[in-house]
Amino acid sequence: MTTSGLSFPDGFVWGTATASYQIEGAHDEDGRSPSIWDTFSRTPGKVLGGDTGDVACDHYHRYPEDVALMRELGLDAYRFSVAWPRIVPGGTGAVNAKGVDFYSRLVDTLLENGIRPVVTLYHWDLPEVLDQRGGWLNRDSAQWYAEYAAATVAALGDRVTNWTTFNEPWCSSILSYAIGAHAPGHRDGAESLVAAHHLMLAHGTAVPVIREHAPDAEVSITLNPTQVWGPDDGDEADADAVRRADNALNGIFFGPVFHGAYPAGFLDDTAYLTDHSFIHDGDLETISAPLDNLGVNNYFPTRVRAARDGEEGNTPIPGGQRVVEVAPRPPLTGIGWEQSPESHRLIIERSARESGLPLYITENGSAWPDTVDADGQVHDADRVAYLQGHLGAVSDAIKNGVDVRGYFAWSLLDNFEWAYGYSQRFGIVHVDYDTQVRTIKDSGREYARIIAEHRG
Ligand code: FCB
């Protein structure tokens with residue numbers, strides 16, 4: 001496919017993304033305390049192959065080499081996350097200077113190489129000590145988080161101009177507390193609603209704190225909305241299944257964060273789980289604090305239908321009692337996710353309508369079983385095609401009037417893919433986990449070529 005017909009505005013930001021626990025390693029160095037992912041990955045049966053992030057890509061020690069790779073690729077920006085257990089190992093209280101120093105050196109190295117740091121404050125590695133105090137189920141988590149955010153922004157805000165409060169709070173709530181696939185691995189629908197609410201409360205509480213410490217910075221949140229498709233049969237029950245799934249996947253965050261209210265029907269649909277007394281007066285006002293842009297992570301659409309007579313729903317998403325999630329349609333990626341550039345465009349357009357904000361695509365990419373060939377290269381033609389197709393969708397959304405300001409490929413490096421461990425490779429740079437050798441894949445070279453082709 002040629003990408004010359006794609007159009008991106010001047011100043012469009014080309015980046016890649018990673019997350020602390022997925023790449024850093026150095027799990028017990030320089031005062032870092034365990035996170036819920038250290039605990040989870042050590043719990044038998046939770047992560048494929050018993051893999052952990054103990055070493056991961058050893059980025060904590062190899063960051064100069066990784067920044068050099070970014071420069072070689074011609075990136076404008078690098079989206080990474082800060083590990084709370086490095087900055088405030090006790091969860092609350094004392095700030096760990098050595099932890100701050102690591103990110104400070106990373107930021108300086110990026111800036112010296114002309115690469116803009118785009119920093120996420122929370123990409124799922126809650127200090128384990130805080131989980132022992134209830135984690136996101138404890139309403140105090142909003143204050144714990146705001147304190148941690150203040151310390152981090154105070155230390156880096158003189159150089160970092162782009163701050164994101166949370167990465168994919170859907171995953172830290174529904175996937176972690178209802179579905180149980182992510183840390184802390186609970187399976188309780190009511191808890192997932194409490195966690196989602198407290199994550200949003202933490203977000204809204206921290207926004208003014210970040211602004212206070214970095215008055216000129218752009219503040220955002222990254223959500224992972226997904227296009228929900230039902231059978232196109234005009235059936236009322238199917239339409240209701242789509243509505244319920246959409247609320248539990250998208251509306252649960254779009255509503256409170258951008259409209260100051262949970263979406264229509266959602267509180268009724270979830271009344272079988274909870275009386276919602278965790279929603280206090282004033283919370284929705286706090287949660288809907290104005291933002292400067294919205295980060296959108298999107299990989300695949302979701303397909304559902306209504307349960308038929310006597311059939312049970314098959315998903316524990318809150319309010320999804322009669323919802324049946326159906327198999328994705330081919331073509332699938334190596335991890336089994338449906339490839340649909342069209343759904344990517346549709347969810348970008350929806351995100352713009354819901355938020356009324358400029359967007360950054362803060363993650364998008366695909367996993368494939370890559371190998372280093374005899375010629376020493378990684379010929380990942382499938383990832384190249386996915387990248388081209390999805391950048392085409394971004395370009396189409398822009399042509400349709402959406403203000404998309406940047407794209408961050410997931411991921412710079414192959415890394416620890418959560419419950420899948422190291423079995424799934426998303427990088428545009430291959431990592432040999434035995435030697436830590438990095439090899440730019442064909443997709444990395446193609447990305448560099450597209451960046452050069454479209455640079456304003
Ligand atoms: C997203 C996560 C990211 C990565 C990709 C594949 O949900 O934000 O850390 O695991 O999926």
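In short, a report on the structure. Please read all numbers here as calculations on a predicted model, not as lab measurements.

**Describing the overall build of the protein**
Logical step 1: Secondary structure assignment for the protein yields 15 helices and 13 strands.
Logical step 2: For 456 residues, the compact-globule formula gives about 23 Å, and the C-alpha radius of gyration of the protein, at 21 Å, lands near that figure.
Logical step 3: Taking the principal axes of its C-alpha atoms as reference, the protein extends roughly 55 × 55 × 45 Å.
Logical step 4: By the burial criterion, 62% of the 456 residues in the protein qualify as buried.
Logical step 5: Expressed as a percentage of contacts within the protein between residues at least 6 apart in sequence, the contacts between residues at least 24 apart total 77%.
Logical step 6: Entry remark: accessible area of the protein is about 16300 Å², with carbon and sulfur atoms responsible for 50%.
Logical step 7: Taking the average location of the 34 positive side-chain charges in the protein and that of its 65 negative ones, the two points are 2 Å from each other.

**Regarding helix α3 (residues 59–73)**
Logical step 1: In this model α3 runs just 18 Å from its N-terminal to its C-terminal C-alpha over 15 residues, more than 12% under the 21 Å that 1.5 Å per residue would give.
Logical step 2: Considered for burial, the residues of α3 that qualify are H59, Y60, Y63, D66, V67, L69, M70 and L73.
Logical step 3: With its phi angle positive at about 80°, G74 sits one or two positions after the end of α3.

**Thoughts on the environment of D370**
Logical step 1: Structurally, D370 can be placed in the loop between β10 (359–363) and α14 (381–399).
Logical step 2: As for D370 and L359, which are separated by 11 residues in sequence, their C-alpha atoms are 31 Å apart.
Logical step 3: Excluding residues that lie within four positions of it along the chain, D370 makes contacts with V378, D380, R383, R425, H430 and K441.
Logical step 4: Side-chain polar atoms of D370 contact the side chain of K441, separated by 2.6 Å.

**A short note on the pairing of β10**
Logical step 1: Most of β10 sits out of view: five of its five residues are buried.
Logical step 2: Relative to β10, strand β7 (residues 293–297) runs parallel, the two sharing four bridges. Looking across to β10, one finds that L294 is bridged to L359.
Logical step 3: One ladder, built from three bridges, connects β10 with strand β11 (residues 404–410); its direction is parallel. Note on β11: the bridge partner recorded for L359 is V404.

**Re the sheet that holds strand β2 (residues 77–81)**
Through backbone hydrogen bonds, the strands of a sheet pair up, either in parallel or in antiparallel fashion.
Logical step 1: Spatial ordering of the closed barrel is given by β1-β2-β3-β4-β5-β7-β10-β11, a layout of eight strands whose pairing is parallel. Neighbour-to-neighbour, the strand axes of the sheet open up by a mean angle of 25°, direction not taken into account.
Logical step 2: Taken together, the three bridges between strand β1 (residues 13–17) and β2 define a ladder with parallel strand orientation. Across the sheet, T16 pairs through a bridge with Y78, a residue of β2.
Logical step 3: The sheet strands contacting helix α5 (residues 97–112) are β2 and β3 (116–120), and the helix crosses β2 at an angle near 170°.

**As for the side chain of N293**
Logical step 1: By secondary structure assignment, the location of N293 is in strand β7.
Logical step 2: Within the structure, N293 has its side chain in polar contact with the side chain of S220 (distance 3.4 Å).
Logical step 3: In contact with N293, other than residues within four places in its own chain, are E218, V219, S220, I221, L357, P358 and Y360.

**A word on the state of the cysteines**
Logical step 1: For the coordinates displayed, the defined rule picks out zero disulfides.
Logical step 2: As a non-bridged cysteine, C57 has C171 as the owner of its nearest cysteine sulfur, 19 Å distant.
Logical step 3: Using a relative accessible area of 0% as the deciding quantity, one classes C57 as buried.
Logical step 4: With relative accessibility at 6%, the residue C171 sits in the buried group.

Calculation criteria
Residues numbered from 1 in each chain as written. Predicted model: local features only at pLDDT ≥ 70, side-chain atom pairs only at ≥ 80, totals over all residues. Heavy atoms only, no water. Helix = DSSP H or I, 4+ residues; strand = E, 2+ residues; numbered from the N terminus. Rg over C-alpha atoms; globule rule 2.2 N^0.38 Å. Buried < 20%, exposed > 50% of the residue type's maximum accessible area, 1.4 Å probe, protein only. Contact = heavy atoms within 4.5 Å. Areas by Shrake-Rupley, 256 points an atom, 1.4 Å probe, with all protein chains shown as cover. Lys, Arg positive; Asp, Glu negative; His and termini not counted. Charge placed at Lys NZ, Arg CZ, Asp CG, Glu CD. Expected span 1.5 Å × (residues − 1). Polar contact = N/O pair within 3.5 Å; in protein donor to acceptor, adjacent residues only side chain to side chain. Pairing = 2+ DSSP bridges. Axes fitted to C-alpha atoms, helices over the stretch in contact; angles between N-to-C directions. Disulfide = S-S within 2.5 Å.

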